[in-house]
Amino acid sequence: MALIDTINPLLTTGWAKGDAGWSLKDYEARGGYAQLKRVLASKMTPDDVIGEVKKSVLRGRGGAGFPTGLKWSFMPKAAPEKYVVCNTDEGEPGTFKDRDLLRFDPHSVIEGMIIAGYAVGAKLGYNYIHGEIFEIYQRFEAALDEARAAGYLGEKILGSDFSFDLFAHHGWGAYICGEETGLLESIEGKKGQPRYKPPFPANFGLYGKPTTINNTETFAAIPFILGMGGETYLNLGKPNNGGTKLFSVSGHVNRPGNYEVPMGTPFAKLLELAGGMRGGRRLKAVIPGGSSAPVLPAEVIMDCTMDYDSIAKAGSMLGSGAVIVMDETVCMVKALERLSYFYYEESCGQCTPCREGSGWLYRVVHRIEHGQGRAEDLDLLNRVTDNMMGKTICALADAAALPVRSFTKHFKSEFEYHIEHKKCLVDPEVQRAGSGFFRASSVTGAA
Amino acid sequence: MDNQYDMLSPEALGKIDREVAKYPADQKQSAVMAALVIAQDEKGWLPQETIAAVASYLGMAPIAAYEVASFYNMYDLQPVGKYKLTVCTNLPCALSGGVHAADYVKQKLGIDFNETTPDGKFTLKEGECMGACGDAPVMLVNNKRMCSFMLPEEIDKLLAECK
């Protein structure tokens, strides 16, 4: 899915030619690698680079929103062996921005990672790419070959004293590896089970060495920040929410896809860019930041702007910027059942509250959806989430619990109707038509 | 056990060497995920002795490689059909017909999830988010080829071209 529409494009300027514009010569023609050259030629110090990133108030685009410059400054200066890792294990349901970044503009990520390596004093980097997008992994490897041949990677880059090399590592189907320490375990050739924190990766990361790990979109923003200056970048967005952001819009809109807009853009504007509601139907709910972010009812999200602070104030999270749009044909019990199944499947099994709790959540939501719900089930769901949240090594338990809490809170009457009447409040035929799958009249669909 | 690597072709071992070279010399185990994929591509699936051969080649304990093979969803520890179709049924895909697409494939092939057609041609799997929700419904063919916007006509076309 190529970019369709945007406001003040930055990260997506290179996407105009779609699959025909990813190569090194295209990237250089649009000013690519100029910032790496400038950093190395002007002898900007690593601290100068970190200072500029701090000024931009770039916040981590993977979901947590942690300030990138601050994260880089945590890296110990004296350590002889350090790593830079890019997290392209994009598996948070609803998120598909990093796939397009690597597909249409892989060199922006490579340049961002090389500059990050310079800033934190690392000589080696890895980009961990979601296993399901193997074709994109191959494209990134091709881009790495180009960069290496052109002298942007390897020993003494562009005649400077700085050496850095970068490789791609693919996953093979484990959501948990999007968690940064699970990802590091996975690069080490193990099960991707998260580690206790602290110690954080800046002190004990890949192979036990100091490691900076950032999201793909975060790295892609670095050359632009250095090009325009941190302050100018910050002012593209709003205070404390610098720059532009990619939003992956999926679900019941006319034009699902990635949209780059300045931080602070009204949700209504983003919905308009995505072509508005499919079939002109009524908006029911939106998950604003990937499937683990609490769902917001239509009237709440329509008053929000798309930035970390506004969405947090409304009771959810901007997360990865994955905007899942649901219209009036959706049964919220069935929608939650899909999500709960996912977390049940993807719990890594390491912590008991998550391993067992995610199964409880799925089974209880499943029985409500299938007309076997009991009067006490909503209380039971709440109790199970209480026993999961904050009680595990990583945030997957919370990610499984938050949708359950928010769905049953905002759409409680639908769950109660299901339990009492043993069926959906939304007519099954309406639900079936809502997906748009059976639009061809000649097709006899499965029951 | 001199010939323990015989079960992997020289081409496959060459590809594994290329993966090993990405990591520090004392971290060969980092290549195990890629190596298992290379082995699975060659064998069609991952029998225990193949996993053990990969482990031995990388200097790790067989159980350590088996832990990896059994942890990540896309390794096949049982034989699969010539074409493994994985349909995403997660919420964003489901909103645009992911579950209906899976039902449609089930009906067309006469099999359920985790089953293989009697002729050994197709195996159907339920997949989790593939990170392409804007292209929903999404399916993977043999783990590596992603198919987008899989409405009934596109599914018919795909099934017909799988010879």
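Residues numbered from 1 in each chain as written. Chains lettered and ligands numbered in written order. Predicted model: local features only at pLDDT ≥ 70, side-chain atom pairs only at ≥ 80, totals over all residues. Heavy atoms only, no water.

Asks: What am I meant to see in the sheet that holds strand E2 (residues 124-129) of chain A here?
Replies: One key point about sheets: their strands pair by backbone hydrogen bonds, in either a parallel or an antiparallel sense. Residues and elements named next belong to chain A. The strand order E3-E2-E1-E4 describes an open sheet built from four strands, whose pairing is parallel. Each edge of the open sheet is held by one strand with a lone partner, namely strand E3 (165-170) and strand E4 (211-215). Ignoring which end each strand starts from, the neighbouring axes of this sheet average 20° apart. Bridging between strand E1 (residues 83-88) and E2 involves six bridges; their strand directions are parallel. By the bridge assignment, Tyr 83 is partnered in E2 with Leu 124. Across the sheet, helix H9 (residues 216-228) touches E1 and E4, and the angle it forms with E4 is around 95°. (Pairing = 2+ DSSP bridges. Helix = DSSP H or I, 4+ residues; strand = E, 2+ residues; numbered from the N terminus. Axes fitted to C-alpha atoms, helices over the stretch in contact; angles between N-to-C directions. Contact = heavy atoms within 4.5 Å.)

Asks: Even after reading the chapter, I still don't get the pairing of strand E3 (residues 122-127) of chain B, so can you show me in this structure?
Replies: Here is the key point about a regular strand: its side chains alternate between the two faces of the sheet. Residues and elements named next belong to chain B. Here six bridges tie strand E1 (residues 83-88) to E3, and the two strands are oriented parallel to one another. Considered in E3, the bridge of Lys 84 is made with Thr 123. Direction of pairing for strand E2 (residues 115-116) relative to E3: antiparallel, over a ladder of two bridges. Looking across to E3, one finds that Thr 116 is bridged to Thr 123. Remark: five residues form the turn of the hairpin made by E2 and E3, two consecutive strands paired antiparallel; Gly 120 in that turn has positive phi of roughly 75°.

Asks: Even after reading the chapter, I still don't get the interface of chain B and chain A, so can you show me in this structure?
Replies: Reports of interface size often rely on the accessible area that becomes lost once the parts have come together. On the chain A side, the residues contacting the 56 residues of chain B number 71 residues. Between chain B and chain A, a total of about 4900 Å² is buried, with carbon and sulfur atoms accounting for 60% of that surface. Of all residues in chain B, B:Lys22, B:Phe71 and B:Leu95 bury the most surface against chain A, accounting for 14% of the area lost on that side. Where chain B touches chain A, the interface holds four salt bridges. Put simply, A:Arg338 and B:Glu126 hold a salt bridge, and the shortest N to O gap is 3.1 Å. Applying the counting criterion to the chain B and chain A interface returns 24 residue pairs in polar contact (both at pLDDT 80 or more). Among the elements of the structure, helix H1 (10-20), helix H2 (32-43), helix H4 (62-71), helix H5 (91-95), helix H6 (98-109), strand E5 (145-147) and helix H7 (152-161) of chain B are those that each provide at least two residues to the side of chain B that touches chain A. (Buried area = accessible area lost by both parts, 1.4 Å probe. Salt bridge = Lys/Arg side-chain N within 4 Å of Asp/Glu carboxyl O. Polar contact = N/O pair within 3.5 Å; in protein donor to acceptor, adjacent residues only side chain to side chain.)

Asks: How should I be thinking about the confidence of the model for chain A in this particular structure?
Replies: Low pLDDT means the predicted atomic positions in that stretch should not be read closely. Mean pLDDT over chain A works out to 94, with 97% of the residues at or above the 70 mark. With pLDDT under 50 throughout, residues 441-447 of chain A is counted as low confidence; its partners more than four residues away or in other chains account for 14 contacts. (pLDDT = per-residue confidence, 0-100.)

Asks: What exactly am I supposed to notice about the pairing of E2(A) here?
Replies: Residue and element names in this part refer to chain A. Within E2, six of the six residues are buried, which leaves the element mostly enclosed by the surrounding structure. With burial as the criterion, each face of E2 is covered, one bearing Leu 124, Tyr 126 and Tyr 128 and the other bearing Gly 125, Asn 127 and Ile 129. Once the chain exits E2 it traverses helix H7 (residues 134-149) before rejoining the sheet at E3, and the crossover so formed is right-handed. (Buried < 20%, exposed > 50% of the residue type's maximum accessible area, 1.4 Å probe, protein only. Right-handed = clockwise from strand over helix to strand, strands pointing away.)

Asks: Before we go on, may I ask you to explain the environment of A:Ala143 in this structure?
Replies: Structurally, A:Ala143 is set in helix H7. Spatially, the C-alpha atom of A:Ala143 lies 7.1 Å from that of A:Leu24, the residues being 119 residues apart in sequence.

Asks: Is there a simple way to explain the packing of aromatic side chains in this structure?
Replies: Pairs of aromatic rings are described using the distance from one ring centre to the other and the angle between the two planes. Evaluation of the coordinates by the stated rule reveals 23 aromatic pairs over all chains. Measuring from ring centre to ring centre gives 5.0 Å for B:Phe71 and B:Tyr72, while their planes differ by 75°; the resulting arrangement is edge-to-face. For the pair B:Phe71 and B:Tyr72, one class covers both residues: buried. Their ring planes at 85° and their centres at 6.4 Å tell us that B:Tyr72 and B:Tyr75 sit as a pair that is edge-to-face. In terms of burial, B:Tyr72 and B:Tyr75 fall into one category: buried. Each residue in the set A:Phe134, A:Tyr137, A:Trp172, B:Phe71, B:Tyr72 and B:Tyr75 is aromatic and connected to the rest through ring pairs, giving one cluster. Here the basic side chain of A:Lys245 rests over the ring of A:Phe247, its NZ or CZ set 5.7 Å away from the ring centre. Directly above the aromatic system of A:Trp360 lies the positively charged group of A:Arg363, at a separation of 6.0 Å from the ring centroid. (Phe/Tyr/Trp six-rings, centres within 6.5 Å; stacked < 30°, edge-to-face > 60°. Lys NZ or Arg CZ within 6 Å of the ring centre and 35° of its normal.)

Asks: Explanation requested: the sheet that holds strand E6 (residues 257-262) of chain A in the structure shown.
Replies: Residues and elements named next belong to chain A. Read across the open sheet, the five strands follow the order E6-E5-E11-E8-E9; overall the sheet is mixed. Where the open sheet ends on each side, the last strands, each with one partner, are E6 and strand E9 (296-297). Relative to strand E11 (residues 322-327), strand E8 (residues 283-287) runs antiparallel, the two sharing four bridges. Of the residues in E11, the one forming a bridge with Val 286 is Val 325. Set on the sheet, helix H5 (residues 97-104) makes contact with strand E5 (244-251) and E6; between it and E5 the angle comes to about 115°.

Asks: Explain unusual backbone geometry to me, please; I cannot follow it from the model alone.
Replies: Excluding glycine, most residues fall at negative phi; most peptide bonds, likewise, are trans. Backbone torsion omega between A:Pro198 and A:Pro199 reads 0°, so that peptide bond is classified as cis. Take A:Pro199: it is sitting in the loop between helix H8 (180-187) and E4. Between B:Ala136 and the following residue, B:Pro137, the backbone shows a cis peptide bond with an omega angle of -5°. In this fold, B:Pro137 is placed in the loop between E3 and strand E4 (139-141). In the Ramachandran plot, A:Val57 falls in the positive-phi region, its phi being about 50° despite a non-glycine side chain. Relative to the assigned elements, A:Val57 resides in the loop between helix H3 (46-56) and helix H4 (68-73). We note that B:Phe149 has phi near 50°; this positive angle belongs to a residue other than glycine. Note on B:Phe149: relative accessible area 37%, which makes it partly exposed.

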